[in-house]
Amino acid sequence: MAESVVTDAMRAAIGVEGPPTIAEVTASGIRLFARAVGHADPAFYDEAAAKERGYRGLLAPPGYLGTPVYRPGGRDPDELGQRYEIPYKRILNGGTTYEYMEPVVAGDVITSRSRITEFRERAGSMGPMLITYRETLFTRQDGKVVAKMRGNIINY
Amino acid sequence: MADQVYFEDVKEGDAIPELRKNCSTQQLVIWAAASGDFYQIHYDMSFAKSTGLDNIIVHGALKNAFLGQLLHDWVGVAGKVREFGCQYRGMDYPNQDIVCRGVVTKKYVEGEQHFVELDVWTENPQGQRTTPGTARVVLPSRG
């Protein structure tokens, strides 16, 4: 096992909530996501079909929590809340779990707030790796938490 | 969609109907746009090779979304997918079958709601589970 790459700055980042990200749940975003997956349920494509099933609007498919509002130039690392450097340049998504409290529909505006819950280090087949565990809460415009995501990112 | 499945219809150990996928590179590009994940290892072969990969790889989050579809279609219009997720353990490649499967591990009633828990995963053509995961859904009851 290589020397630990977890620094004091990283340990200090655990549990600290990052800045909010705003995402818009749009009808086009829903249809594009559903199409990309290959969904056939009309509730993802036809607003009338979704409303007939009791939803407030076009239903968002599992895993779609809106499209983040894009700004040219991106956001600087300070604004993103990451105040530490990782010595590995390659990155993989390690896993994702979504928990839903409420259906998400077109027209919703979702604010997500994320915090790191844990760092783990492992010697993988591709060399030493750092696994960052994160939890994200998704809150709707009316203040209701609609979903929670737990995920991990692998740097190696 | 298939007929509505009810809580009383399922028991531990039951396999749910499989969902078979096979991604073209075009589908991966549509997913990149839909998800906002524009990392080039998912559509640019020379970039993928420069990072040490042998091929373009299917986005882990797309495979997770496939599991979402597997469950959404299974629970039907009267059911709800409450929780689903997986670990991205193995890579999958374009133009190869990705078979999504699930097996019931537990069923229980909590308050008025009828919960079913499952193991879910995607399988590559070698039969390896590339994304092992779990899920919790609500099914309607015959009452």
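One can find the structure itself at the top, above this paragraph.
I will try to describe carefully the structure that is included in this document.

So, how was this worked out
Residues numbered from 1 in each chain as written. Chains lettered and ligands numbered in written order. Predicted model: local features only at pLDDT ≥ 70, side-chain atom pairs only at ≥ 80, totals over all residues. Heavy atoms only, no water. Helix = DSSP H or I, 4+ residues; strand = E, 2+ residues; numbered from the N terminus. Contact = heavy atoms within 4.5 Å. Axes fitted to C-alpha atoms, helices over the stretch in contact; angles between N-to-C directions. Parallel < 35°, antiparallel > 145°, perpendicular 65-115°, else oblique. Left-handed = near helix turned anticlockwise from the far one by under 90°. Buried area = accessible area lost by both parts, 1.4 Å probe. Salt bridge = Lys/Arg side-chain N within 4 Å of Asp/Glu carboxyl O. Nonpolar A, V, L, I, M, F, W, Y, C, P; charged D, E, K, R; others polar. Pairing = 2+ DSSP bridges.

Within the element layout of this structure, B:Asn124 appears in the loop between strand 4 (113-123) and strand 5 (133-139). Other than its neighbours up to four places away in sequence, B:Asn124 contacts B:Asp92, B:Asp97 and B:Thr130.

The geometry of a pair of packed helices is captured by two quantities: the angle between their axes and the separation between those axes. For the pair helix 2 (residues 27-37) of chain A and helix 1 (residues 25-35) of chain B, the least separation of the axes is 8 Å and the interaxial angle reads 150°. Classified by the angle between their axes, helix 2 of chain A and helix 1 of chain B sit roughly antiparallel to one another. In the crossing of helix 2 of chain A with helix 1 of chain B, the sense of the turn from one axis to the other is left-handed. Two secondary-structure elements touch here, helix 2 of chain A through A:Leu32, A:Phe33, A:Arg35, A:Ala36 and A:Val37 and helix 1 of chain B through B:Gln27, B:Ile30, B:Trp31, B:Ala33 and B:Ala34.

Now for the interface of chain A and chain B. Contact residues are listed per partner, giving 29 residues for chain A and 30 residues for chain B. Summing both sides of the interface, chain A and chain B together bury roughly 2500 Å²; the carbon and sulfur share of this comes to 57%. When residues of chain A are sorted by the area they lose upon contact with chain B, A:Ala36, A:Val37 and A:Pro62 head the list and together hold 21% of the total. Put simply, chain A and chain B have two salt bridges between them. Measuring nitrogen to oxygen at the nearest pair gives 3.0 Å for the salt bridge that ties B:Glu83 to A:Arg150. Listed by contribution, the elements that provide at least two residues to the side of chain A that touches chain B are helix 2, strand 3 (91-100) and strand 6 (145-155) of chain A. By residue number, the principal contributor to the side of chain A that touches chain B is strand 3 of chain A, which donates 10 residues. Of the residues belonging to the side of chain A that touches chain B, the class tally is 14 nonpolar, nine polar and six charged. Bridge count between strand 3 of chain A and strand 2 (residues 80-87) of chain B: five bridges; the pairing is antiparallel. Residue pairing in the sheet places A:Thr96 in a bridge with B:Cys86 of strand 2 of chain B.

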